[in-house]
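So the chains spell out like this:
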Amino acid sequence: MAVSLFPDSIFKPFVEANLTQVVLIALLSGVCIVILDKRVTNLKNLVFEMQQFINKIVDIVMIILPPAIFLVILSILVTTSFDSLLSTWKIVAVSWIVYAVMSITALMYLKMKYKVNLRDFIKKNSKIFGVALTTANSAVQIKTNFEVLKENLKIDSKLCDFWLPLSHTLFSPGKLPNIVIIVFFGAAFSNATIHLGQLIILTFLAIQLGIASPRGYGGSVAMYTLLMQEFNFDSNTVGIMVLAGTFCVNLGALYGMIVRNCEIYALSRDLKFNSQ
(Lines give C-alpha, C1' and ligand atoms only; values in the text may rest on other atoms or scores of the structure.)
Protein backbone atom coordinates (compact mmCIF):
# COMPACT_ATOMS: atom_id res chain seq x y z
CA MET A 1 0.00 0.00 0.00
CA ALA A 2 2.78 2.46 0.98
CA VAL A 3 4.79 1.62 -2.14
CA SER A 4 1.80 2.41 -4.38
CA LEU A 5 1.81 6.00 -3.13
CA PHE A 6 5.03 6.68 -5.05
CA PRO A 7 4.67 6.98 -8.84
CA ASP A 8 6.93 5.36 -11.40
CA SER A 9 7.65 8.78 -12.90
CA ILE A 10 6.89 12.38 -11.93
CA PHE A 11 4.55 12.81 -14.92
CA LYS A 12 2.47 9.63 -14.52
CA PRO A 13 0.17 10.88 -11.68
CA PHE A 14 -0.82 13.94 -13.73
CA VAL A 15 -1.51 11.88 -16.87
CA GLU A 16 -3.57 9.30 -14.97
CA ALA A 17 -5.21 11.88 -12.63
CA ASN A 18 -4.01 9.98 -9.54
CA LEU A 19 -4.94 12.49 -6.83
CA THR A 20 -3.05 10.79 -4.00
CA GLN A 21 0.23 10.75 -5.91
CA VAL A 22 -0.28 14.33 -7.14
CA VAL A 23 -0.80 15.55 -3.56
CA LEU A 24 2.28 13.60 -2.43
CA ILE A 25 4.44 15.18 -5.15
CA ALA A 26 3.09 18.65 -4.29
CA LEU A 27 3.77 18.08 -0.57
CA LEU A 28 7.33 16.85 -1.12
CA SER A 29 8.05 19.66 -3.58
CA GLY A 30 6.79 22.30 -1.15
CA VAL A 31 8.84 20.88 1.73
CA CYS A 32 12.01 20.78 -0.42
CA ILE A 33 11.51 24.36 -1.62
CA VAL A 34 11.09 25.58 1.97
CA ILE A 35 14.20 23.68 3.13
CA LEU A 36 16.39 24.85 0.23
CA ASP A 37 14.99 28.41 0.40
CA LYS A 38 17.44 30.85 -1.25
CA ARG A 39 19.27 28.06 -3.10
CA VAL A 40 16.23 27.57 -5.35
CA THR A 41 15.24 31.19 -5.95
CA ASN A 42 14.90 30.60 -9.68
CA LEU A 43 12.60 27.63 -9.08
CA LYS A 44 10.39 29.69 -6.76
CA ASN A 45 10.20 32.44 -9.36
CA LEU A 46 9.28 29.86 -12.01
CA VAL A 47 6.46 28.50 -9.84
CA PHE A 48 5.15 32.03 -9.27
CA GLU A 49 5.31 32.86 -12.99
CA MET A 50 3.53 29.60 -13.88
CA GLN A 51 0.77 30.53 -11.43
CA GLN A 52 0.41 33.92 -13.14
CA PHE A 53 0.29 32.19 -16.54
CA ILE A 54 -2.39 29.73 -15.42
CA ASN A 55 -4.43 32.54 -13.84
CA LYS A 56 -4.45 34.36 -17.18
CA ILE A 57 -5.68 31.21 -18.94
CA VAL A 58 -8.46 30.96 -16.33
CA ASP A 59 -9.41 34.59 -17.02
CA ILE A 60 -9.90 33.76 -20.70
CA VAL A 61 -11.82 30.57 -19.91
CA MET A 62 -14.15 32.50 -17.59
CA ILE A 63 -15.23 34.64 -20.53
CA ILE A 64 -15.94 31.65 -22.78
CA LEU A 65 -17.32 29.06 -20.36
CA PRO A 66 -20.70 30.49 -19.16
CA PRO A 67 -22.32 30.71 -22.64
CA ALA A 68 -20.77 27.35 -23.61
CA ILE A 69 -22.29 25.62 -20.56
CA PHE A 70 -25.65 27.27 -21.24
CA LEU A 71 -25.62 25.88 -24.81
CA VAL A 72 -24.78 22.38 -23.53
CA ILE A 73 -27.72 22.45 -21.09
CA LEU A 74 -30.00 23.83 -23.81
CA SER A 75 -29.01 21.02 -26.18
CA ILE A 76 -29.81 18.41 -23.51
CA LEU A 77 -33.25 19.92 -22.97
CA VAL A 78 -33.97 20.00 -26.71
CA THR A 79 -32.85 16.40 -27.39
CA THR A 80 -34.45 14.76 -24.32
CA SER A 81 -37.99 13.39 -24.37
CA PHE A 82 -40.66 14.98 -22.18
CA ASP A 83 -41.24 11.73 -20.24
CA SER A 84 -37.57 11.57 -19.26
CA LEU A 85 -37.64 15.19 -18.16
CA LEU A 86 -40.75 14.53 -16.06
CA SER A 87 -39.09 11.53 -14.37
CA THR A 88 -36.33 13.72 -12.95
CA TRP A 89 -38.45 16.27 -11.12
CA LYS A 90 -38.40 14.49 -7.73
CA ILE A 91 -34.61 14.20 -7.70
CA VAL A 92 -34.21 17.82 -8.77
CA ALA A 93 -36.79 19.12 -6.29
CA VAL A 94 -35.31 17.29 -3.30
CA SER A 95 -31.76 18.34 -4.27
CA TRP A 96 -32.77 21.99 -4.57
CA ILE A 97 -34.55 21.90 -1.21
CA VAL A 98 -31.51 20.33 0.48
CA TYR A 99 -29.19 22.91 -1.09
CA ALA A 100 -31.43 25.76 0.08
CA VAL A 101 -31.78 24.46 3.65
CA MET A 102 -28.05 23.78 4.07
CA SER A 103 -27.09 27.14 2.54
CA ILE A 104 -29.42 28.98 4.92
CA THR A 105 -28.01 26.96 7.83
CA ALA A 106 -24.43 27.97 6.95
CA LEU A 107 -25.38 31.64 6.65
CA MET A 108 -27.37 31.62 9.89
CA TYR A 109 -24.37 30.11 11.67
CA LEU A 110 -22.31 33.16 10.68
CA LYS A 111 -25.07 35.51 11.76
CA MET A 112 -25.53 33.89 15.16
CA LYS A 113 -21.86 33.30 16.09
CA TYR A 114 -20.13 36.29 14.49
CA LYS A 115 -23.02 38.78 14.22
CA VAL A 116 -22.50 39.01 10.46
CA ASN A 117 -24.81 41.20 8.39
CA LEU A 118 -26.04 38.58 5.92
CA ARG A 119 -27.19 41.08 3.30
CA ASP A 120 -23.75 42.69 3.31
CA PHE A 121 -22.02 39.27 3.29
CA ILE A 122 -24.04 38.07 0.29
CA LYS A 123 -23.43 41.37 -1.53
CA LYS A 124 -19.66 41.06 -1.05
CA ASN A 125 -19.77 37.47 -2.33
CA SER A 126 -22.21 38.14 -5.18
CA LYS A 127 -19.49 38.05 -7.87
CA ILE A 128 -18.19 34.59 -6.96
CA PHE A 129 -21.71 33.29 -6.29
CA GLY A 130 -22.65 34.33 -9.83
CA VAL A 131 -19.57 32.63 -11.30
CA ALA A 132 -20.30 29.43 -9.36
CA LEU A 133 -23.92 29.37 -10.51
CA THR A 134 -23.12 29.97 -14.19
CA THR A 135 -20.00 27.79 -14.59
CA ALA A 136 -20.16 25.03 -11.93
CA ASN A 137 -16.41 24.57 -12.41
CA SER A 138 -14.03 24.99 -9.47
CA ALA A 139 -11.04 25.54 -11.76
CA VAL A 140 -12.78 28.66 -13.08
CA GLN A 141 -14.12 29.77 -9.71
CA ILE A 142 -10.86 29.78 -7.76
CA LYS A 143 -9.34 32.87 -9.43
CA THR A 144 -12.43 35.00 -8.73
CA ASN A 145 -12.75 33.63 -5.21
CA PHE A 146 -9.19 34.72 -4.38
CA GLU A 147 -10.17 38.28 -5.29
CA VAL A 148 -13.45 38.18 -3.36
CA LEU A 149 -11.93 36.76 -0.18
CA LYS A 150 -8.94 39.10 -0.12
CA GLU A 151 -10.54 42.33 -1.34
CA ASN A 152 -14.18 42.10 -0.23
CA LEU A 153 -14.01 39.94 2.91
CA LYS A 154 -10.55 41.25 3.93
CA ILE A 155 -9.19 37.78 4.69
CA ASP A 156 -5.40 37.57 5.02
CA SER A 157 -3.66 36.30 1.88
CA LYS A 158 -1.67 33.76 3.92
CA LEU A 159 -4.84 31.90 4.84
CA CYS A 160 -6.36 32.27 1.35
CA ASP A 161 -3.25 31.06 -0.47
CA PHE A 162 -3.03 27.94 1.71
CA TRP A 163 -6.65 27.06 2.31
CA LEU A 164 -8.42 27.97 -0.93
CA PRO A 165 -6.58 25.66 -3.39
CA LEU A 166 -7.02 22.73 -1.00
CA SER A 167 -10.69 23.53 -0.50
CA HIS A 168 -11.47 23.78 -4.22
CA THR A 169 -9.60 20.52 -4.89
CA LEU A 170 -10.62 18.33 -1.95
CA PHE A 171 -13.84 19.84 -0.56
CA SER A 172 -16.97 19.22 -2.64
CA PRO A 173 -20.01 19.99 -0.44
CA GLY A 174 -22.34 20.17 -3.44
CA LYS A 175 -21.57 16.61 -4.56
CA LEU A 176 -22.36 14.76 -1.35
CA PRO A 177 -26.10 15.49 -0.93
CA ASN A 178 -26.69 15.15 -4.68
CA ILE A 179 -25.03 11.72 -4.84
CA VAL A 180 -26.97 10.45 -1.81
CA ILE A 181 -30.29 11.70 -3.22
CA ILE A 182 -29.61 10.29 -6.68
CA VAL A 183 -28.66 6.87 -5.26
CA PHE A 184 -31.91 6.63 -3.26
CA PHE A 185 -34.12 7.61 -6.19
CA GLY A 186 -32.09 5.43 -8.57
CA ALA A 187 -32.63 2.45 -6.29
CA ALA A 188 -36.36 3.19 -6.25
CA PHE A 189 -36.50 3.38 -10.06
CA SER A 190 -34.62 0.07 -10.42
CA ASN A 191 -36.22 -1.67 -7.41
CA ALA A 192 -32.73 -2.23 -5.99
CA THR A 193 -32.00 -2.78 -2.30
CA ILE A 194 -29.31 -0.61 -0.71
CA HIS A 195 -27.82 -0.73 2.77
CA LEU A 196 -26.46 2.16 4.80
CA GLY A 197 -22.91 0.78 4.75
CA GLN A 198 -23.03 0.46 0.97
CA LEU A 199 -24.30 4.02 0.64
CA ILE A 200 -21.55 5.47 2.85
CA ILE A 201 -18.76 3.60 1.05
CA LEU A 202 -20.19 4.32 -2.38
CA THR A 203 -20.65 8.02 -1.65
CA PHE A 204 -17.06 8.30 -0.44
CA LEU A 205 -15.71 6.51 -3.51
CA ALA A 206 -17.89 8.51 -5.87
CA ILE A 207 -16.68 11.81 -4.40
CA GLN A 208 -13.05 10.69 -4.69
CA LEU A 209 -13.65 9.73 -8.31
CA GLY A 210 -15.31 13.07 -8.91
CA ILE A 211 -12.28 14.87 -7.47
CA ALA A 212 -9.62 12.75 -9.17
CA SER A 213 -11.28 12.63 -12.59
CA PRO A 214 -10.79 15.39 -15.16
CA ARG A 215 -12.98 18.47 -14.77
CA GLY A 216 -16.23 18.67 -16.65
CA TYR A 217 -18.10 15.40 -17.07
CA GLY A 218 -15.18 13.16 -15.98
CA GLY A 219 -16.31 12.91 -12.37
CA SER A 220 -19.94 12.34 -13.33
CA VAL A 221 -19.09 9.55 -15.76
CA ALA A 222 -16.93 7.83 -13.13
CA MET A 223 -19.66 8.19 -10.51
CA TYR A 224 -22.49 6.80 -12.64
CA THR A 225 -20.31 3.93 -13.89
CA LEU A 226 -19.68 2.98 -10.28
CA LEU A 227 -23.40 3.10 -9.50
CA MET A 228 -24.25 0.85 -12.44
CA GLN A 229 -21.69 -1.74 -11.36
CA GLU A 230 -22.52 -1.70 -7.65
CA PHE A 231 -26.33 -1.64 -7.74
CA ASN A 232 -27.01 -3.04 -11.23
CA PHE A 233 -28.97 0.06 -12.23
CA ASP A 234 -30.38 -0.28 -15.73
CA SER A 235 -29.42 2.14 -18.49
CA ASN A 236 -32.75 4.03 -18.31
CA THR A 237 -32.25 4.71 -14.61
CA VAL A 238 -28.71 5.92 -15.18
CA GLY A 239 -29.97 8.18 -17.98
CA ILE A 240 -32.52 9.74 -15.62
CA MET A 241 -29.82 10.19 -12.98
CA VAL A 242 -27.46 11.89 -15.43
CA LEU A 243 -30.25 14.18 -16.60
CA ALA A 244 -31.21 15.07 -13.02
CA GLY A 245 -27.58 15.78 -12.27
CA THR A 246 -27.53 18.27 -15.15
CA PHE A 247 -30.33 20.25 -13.51
CA CYS A 248 -28.62 20.13 -10.11
CA VAL A 249 -24.97 20.78 -10.91
CA ASN A 250 -25.11 24.58 -11.17
CA LEU A 251 -27.22 25.09 -8.05
CA GLY A 252 -25.01 22.56 -6.28
CA ALA A 253 -21.97 24.64 -7.23
CA LEU A 254 -23.62 27.74 -5.77
CA TYR A 255 -24.44 25.88 -2.54
CA GLY A 256 -20.86 24.59 -2.37
CA MET A 257 -19.48 28.10 -2.76
CA ILE A 258 -21.76 29.47 -0.04
CA VAL A 259 -20.64 26.76 2.39
CA ARG A 260 -16.98 27.15 1.36
CA ASN A 261 -16.90 30.92 1.90
CA CYS A 262 -18.86 30.71 5.13
CA GLU A 263 -16.30 28.22 6.38
CA ILE A 264 -13.22 30.25 5.48
CA TYR A 265 -14.78 33.42 6.88
CA ALA A 266 -15.46 31.66 10.20
CA LEU A 267 -11.93 30.22 10.16
CA SER A 268 -10.42 33.65 9.50
CA ARG A 269 -12.32 35.12 12.45
CA ASP A 270 -11.30 32.30 14.79
CA LEU A 271 -7.62 32.42 13.75
CA LYS A 272 -7.47 36.25 13.62
CA PHE A 273 -6.77 36.32 9.87
CA ASN A 274 -9.50 38.88 9.18
CA SER A 275 -8.90 42.64 9.14
CA GLN A 276 -12.58 43.62 9.33
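Just so you know, these numbers come straight off a predicted model, no measurement behind them. (Residues numbered from 1 in each chain as written. Predicted model: local features only at pLDDT ≥ 70, side-chain atom pairs only at ≥ 80, totals over all residues. Heavy atoms only, no water.)

Asks: I keep staring at the overall build of the protein and nothing clicks. Help me out?
Replies: Each helix and strand counted, the protein has twelve helices and zero strands in total. The linear arrangement of helices and strands in the protein, starting from the amino end, is α-α-α-α-α-α-α-α-α-α-α-α. Within the protein, contacts between residues separated by at least 24 positions form 71% of all contacts whose residues are at least 6 apart in sequence. Put simply, the protein shows about 16200 Å² of open surface, and 69% of that area lies on carbon and sulfur atoms. (Helix = DSSP H or I, 4+ residues; strand = E, 2+ residues; numbered from the N terminus. Contact = heavy atoms within 4.5 Å. Areas by Shrake-Rupley, 256 points an atom, 1.4 Å probe, with all protein chains shown as cover.)

Asks: Quick question: what am I supposed to make of the packing of helix α5 (residues 89–114) against helix α9 (residues 175–190) here?
Replies: The description of two packed helices rests on the angle between their axes and on the distance between the axes. The contact between α5 and α9 brings their axes to 10 Å, and the two run at 155°. By the angle between their directions, the pair α5 and α9 is classed as roughly antiparallel. With respect to the hand of their crossing, α5 and α9 are arranged in right-handed fashion. In this structure, α5 uses K90, I91, V94, S95, V98 and Y99 to contact α9, whose residues at the interface are P177, N178, I181, I182, F185 and F189. Its residues placed into classes, the contact of α5 with α9 shows nine nonpolar, two polar and one charged. (Axes fitted to C-alpha atoms, helices over the stretch in contact; angles between N-to-C directions. Parallel < 35°, antiparallel > 145°, perpendicular 65-115°, else oblique. Left-handed = near helix turned anticlockwise from the far one by under 90°. Nonpolar A, V, L, I, M, F, W, Y, C, P; charged D, E, K, R; others polar.)

Asks: Whenever I open this one, the packing of aromatic side chains confuses me. Can you help?
Replies: Geometry of an aromatic ring pair is reported as the spacing of the ring centres plus the angle between the planes. If you walk through the whole model with that rule in mind, you get three aromatic pairs. An angle of 25° between the planes, with centres 5.2 Å apart, marks the rings of Y99 and Y255 as stacked. On the criterion of sequence distance, the pair formed by Y99 in helix α5 and Y255 in helix α12 (residues 235–270) is long-range, its members being 156 residues apart. Note on accessibility: Y99 and Y255 belong to one class, buried. Consider the rings of Y109 and Y114, whose centres lie 6.3 Å apart with planes at 80°: the pair is edge-to-face. We classify Y109 as partly exposed; its relative accessible area is 42%. Looking at Y114, the relative accessible area reads 10%, which means it is buried. (Phe/Tyr/Trp six-rings, centres within 6.5 Å; stacked < 30°, edge-to-face > 60°. Buried < 20%, exposed > 50% of the residue type's maximum accessible area, 1.4 Å probe, protein only.)

Asks: How should the side chain of N261 be read in this particular structure?
Replies: Mapped onto the elements, N261 comes out in helix α12. For N261, the contacting residues outside a window of four places in its chain are F121, N125, I128, N145 and L149.

Asks: Any chance you could explain the pattern of salt bridges here in plain terms?
Replies: Side chains that differ in sign of charge can pair as their charged atoms come close. Counted under the stated rule, the structure contains five salt bridges. Of the charged contacts in the structure, one is a salt bridge between K44 and D37, with a shortest N-O distance of 3.2 Å. You can call K44 partly exposed: its relative accessible area is 32%. Of the charged contacts in the structure, one is a salt bridge between E147 and K143, with a shortest N-O distance of 3.0 Å. Here the residue E147 and the residue K143 both occupy positions in helix α7 (residues 138–152), the gap between them amounting to four residues, near one helical turn. We classify E147 as partly exposed; its relative accessible area is 28%. (Salt bridge = Lys/Arg side-chain N within 4 Å of Asp/Glu carboxyl O.)

Asks: Please clarify how a nonpolar patch on the surface should be interpreted in this entry.
Replies: On the surface, L43, L46, V47, M50, F53, I54, I57 and V61 cluster together into a nonpolar patch covering about 680 Å² of accessible area. In this fold, I57 is placed in helix α3 (residues 41–79). (Patch = residues over 30% accessible without salt bridge, like charges linked within 9 Å, V, L, I, M, F, W, Y side chains within 5 Å.)

Asks: Help me out: how do you make sense of α5 in this one?
Replies: Residues separated by three or four positions in an α-helix point in the same direction, a consequence of the helix having 3.6 residues per turn. Across its 26 residues, α5 extends 37 Å between first and last C-alpha, which sits within 8% of the 38 Å expected from 1.5 Å per residue. Taken together, the buried positions of α5 are occupied by I91, V92, S95, Y99, S103, A106, L107, L110 and Y114. One or two residues past the end of α5 sits K115, with phi positive at roughly 55°. (Expected span 1.5 Å × (residues − 1).)

Asks: Sorry if this is basic, but what is going on with the packing of α5 against helix α6 (residues 118–135) here?
Replies: Here α5 crosses α6 at 125°, and the two axes come no closer than 10 Å. One element, α5, and the other, α6, form an angle in the oblique class. Here the hand of the crossing between α5 and α6 comes out right-handed. The residues of α6 that touch α5, namely those facing L107, M108, L110 and K111, are L118, F121 and I122.

Asks: Explanation requested: α6 in the structure shown.
Replies: If you check α6, its first and last C-alpha atoms are 24 Å apart, about what 18 residues at 1.5 Å a residue would give, namely 26 Å. At S126, α6 shows its maximal bend, which comes to roughly 60°. Structurally, the start of α6 carries an N-cap: the backbone nitrogen of R119 is 3.1 Å from a side-chain oxygen of N117. Just beyond α6, the residue with positive phi is A136, at close to 55°. (Bend = angle between axes of the 7 residues up to and from the residue. Polar contact = N/O pair within 3.5 Å; in protein donor to acceptor, adjacent residues only side chain to side chain.)

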